[in-house]
Amino acid sequence: MLDVRRLHLLRELDRRGTIAAVAEALTFTASAVSQQLGVLEREAGVPLLERSGRRVVLTPAGRTLVTHADAVLERLELAVSELAGAREGIGGPLRIGTFPSGGPAIVPATLAELARRHPALEPMVQEIDSARVSDGLRAGELDVALVHDYDFVPASPDTTVDQVPLLKEPMYLATDSAPATGAATRGDTLAELLGPWATSPWITARDGTTGHAMAVRACQAAGFQPRIRHQVNDFRTVLALAAIGQGAGFVPKMATAHAPDGVVLTRLPLFRRSKVAFRSGGGTHPAIAAFVAAARTAVGSTGVPPRCAVPATLTATTAHGGCQWQRAVHGAVRVSGGVGGACWGGLGKRLGVGARVA
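Residues numbered from 1 in each chain as written. Predicted model: local features only at pLDDT ≥ 70, side-chain atom pairs only at ≥ 80, totals over all residues. Heavy atoms only, no water.

### Notes on the overall build of the chain
No. 1: Check the secondary structure of the chain and you find 12 helices and 13 strands.
No. 2: Here the chain holds 358 residues, and 49% of them are scored as buried. (Helix = DSSP H or I, 4+ residues; strand = E, 2+ residues; numbered from the N terminus. Buried < 20%, exposed > 50% of the residue type's maximum accessible area, 1.4 Å probe, protein only.)

What follows is the structure, given as structure tokens:
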């Protein structure tokens, strides 16, 4: 009989590539991982691993067994979910991962909704890059996570993780001024919108992140290689740097609630998609299903979190609470005066501006 825990180790070796990486992720010693994989080979009766230089790689039989391990572990996750559904009430710890910009925009409202519906749940949140979520879920460090992908950087296929859609939002170009020539309308191409900034310095997320890859590939699709000056992951910092002329950068609609004075936001034909991820087979677990429902309530029926509606339909300067928003040329929205995002909610209500943007 093949041991499920050893099958899990084999699958992690297939995903992570080295015994050392498996040991670190699962808090084992490398020698313990090697020993358990050796036992699994004896249980299987065929070689599962072979040496390739200083590393071990899976044999064809090993890769076949990983496919079956995926199915076995998914069924076990489904069994755990169904057993949890047989209990009365939803409670206990729920380990939640989130990408940084999802923290202030989605997580608090989601946790408030969870607390209202299921007060016995104990949510525990940690920030994590979307690229690391699959590892965290498989290792049992997370139960559920908010993840995202971008145009030009789609999520890599992963049979060990299931995802459900949560939010689709447009991306904006953040600069300190509108381009001197040309027009940026809904039908403009990426090359036309980004081209005027081809020789400008750029602000991107840190190298190795999906945000960085999206920025570089979007610029390349527009016909140029970005000259990167700053690498920061916080969109509020991107907006602040753009506002003082330190470069052009990309921000999702969700981040525009924090736009500082002087920044110009130009909507782009690019999108970011936020999703809820969990271990394959775990979607019916009551706590996971409760989180998904609460997150969807948090983003609202329009699919936009509170205070994230960009008033791009304005045709004239409008003041509210000391904050001025005006429809600038080239389809951009200019922010001037006041305290940035602090007046978003009231301004949207006063002007009847909802989730629609130009």
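### Topic: the confidence of the model for the chain
No. 1: Confidence in the prediction of the chain, expressed as mean pLDDT, is 79, and 80% of residues score 70 or more.
No. 2: Ranking the helices and strands of the chain by mean pLDDT puts strand β7 (residues 201-204) first, with 98, and helix α12 (residues 344-351) last, with 30.
No. 3: In this model residues 182-187 is a low-confidence stretch, pLDDT under 50, and it forms 9 contacts with partners more than four residues away in sequence or in other chains. (pLDDT = per-residue confidence, 0-100. Contact = heavy atoms within 4.5 Å.)

### Comments concerning the pattern of salt bridges
No. 1: Counted under the stated rule, the structure contains 19 salt bridges.
No. 2: R116 is the partner of E113 in a salt bridge, and the nearest nitrogen-oxygen pair spans 2.5 Å. In this pair, E113 and R116 both sit in helix α6 (residues 107-117), 3 residues apart, roughly one turn of the helix.
No. 3: Under the relative-accessibility criterion, E113 is labelled buried at 13%.
No. 4: Its relative accessible area of 59% is what places R116 among the exposed residues.
No. 5: Where R117 meets E113, a salt bridge forms, and the shortest distance between an N and an O atom there is 2.7 Å. Here R117 pairs with E113, and both are found in helix α6, just 4 residues apart, close to one helical turn.
No. 6: Judged by relative accessible area, R117 falls into the partly exposed class, the value being 34%.
No. 7: What you see here is one network of salt bridges that share partners, running through E12, R16, D135, R138 and D158. (Salt bridge = Lys/Arg side-chain N within 4 Å of Asp/Glu carboxyl O.)

### Some points on the packing of aromatic side chains
No. 1: Summed over the entire model, instances satisfying the criterion amount to 2 aromatic pairs.
No. 2: Geometrically, the ring pair formed by W202 and F224 is tilted, given 5.9 Å between the ring centres and 35 degrees between the ring planes. Taken together, the residues span a long stretch of sequence, with W202 in strand β7 and F224 in the loop between α9 (210-221) and β8 (227-231) at a distance of 22 residues. The pair formed by W202 and F224 is uniform in burial state, with each residue classed as buried.
No. 3: Aromatic ring contacts, followed pair by pair, group W202, F224 and F250 into a single cluster. (Phe/Tyr/Trp six-rings, centres within 6.5 Å; stacked < 30°, edge-to-face > 60°.)

### Points about the nonpolar core
No. 1: In terms of nonpolar packing, the biggest core is built from 34 residues, with L194, W202 and F250 touching the most fellow members.
No. 2: Elements represented by at least two residues in this core include exactly β6 (161-175), α8 (190-194), β7, α9, α10 (235-243), β9 (248-252) and β10 (264-279).
No. 3: Among the elements that line this core, the one with the most residues is α10, at 6 residues.
No. 4: Among the nonpolar cores identified, the runner-up in size contains 23 residues, and V144, L166, F278 and F291 belong to it. (Core = buried A, V, L, I, M, F, W, Y, C linked by side-chain atoms within 4.5 Å.)

### Section: the packing of helix α1 (residues 4-16) against helix α3 (residues 30-44)
No. 1: Relative orientation of the contacting elements α1 and α3 amounts to 110 degrees, with a least axis distance of 9 Å. Accordingly, the angle class assigned to the pair α1 and α3 is roughly perpendicular. Crossing geometry of α1 relative to α3 is assigned as left-handed. Mapping the contact onto sequence places R6, L7, L9, L10 and L13 in α1 and Q36, L37, V39, L40 and E43 in α3. (Axes fitted to C-alpha atoms, helices over the stretch in contact; angles between N-to-C directions. Parallel < 35°, antiparallel > 145°, perpendicular 65-115°, else oblique. Left-handed = near helix turned anticlockwise from the far one by under 90°.)

### Points about α1
Note on helix geometry: an α-helix contains 3.6 residues per turn, so any two residues three or four positions apart are oriented the same way.
No. 1: Between its first and last C-alpha atoms α1 spans 18 Å; for 13 residues at 1.5 Å apiece the expected length is 18 Å, and the two agree.
No. 2: The set of residues buried in α1 consists of R6, L7, H8, L9, L10, R11, E12 and L13.
No. 3: Taking the backbone nitrogen of R5 as reference, a side-chain oxygen 2.9 Å away marks D3 as the first, capping residue of α1.
No. 4: Looking one or two places after α1, you find G17, whose phi comes out positive at around 95 degrees. (Expected span 1.5 Å × (residues − 1). Polar contact = N/O pair within 3.5 Å; in protein donor to acceptor, adjacent residues only side chain to side chain.)

### Considerations on the pairing of β6
No. 1: Taken together, the 13 bridges between β6 and β10 define a ladder with antiparallel strand orientation. Residue pairing in the sheet places V164 in a bridge with V276 of β10.
No. 2: Relative to β9, β6 runs antiparallel, the two sharing 4 bridges. Bridging from a neighbouring strand, Y172 pairs with V251 of β9. (Pairing = 2+ DSSP bridges.)

### What to know about a nonpolar patch on the surface
No. 1: On the surface, V4, V72 and L76 cluster together to form a nonpolar patch covering roughly 190 Å² of accessible area.
No. 2: When you line up the elements, L76 lands in helix α4 (residues 60-86). (Patch = residues over 30% accessible without salt bridge, like charges linked within 9 Å, V, L, I, M, F, W, Y side chains within 5 Å. Areas by Shrake-Rupley, 256 points an atom, 1.4 Å probe, with all protein chains shown as cover.)

### Topic: the pairing of β9
No. 1: Within β9, 5 of the 5 residues are buried, leaving the element largely enclosed by the surrounding structure.
No. 2: Residues A248, F250 and P252 point to one face of β9 and G249 and V251 to the other, with burial holding for every one of them.
No. 3: As defined by bridge partners, β7 adjoins β9 across 2 bridges and the pair is classed as parallel. Bridge pairing links W202 to A248 in β9.

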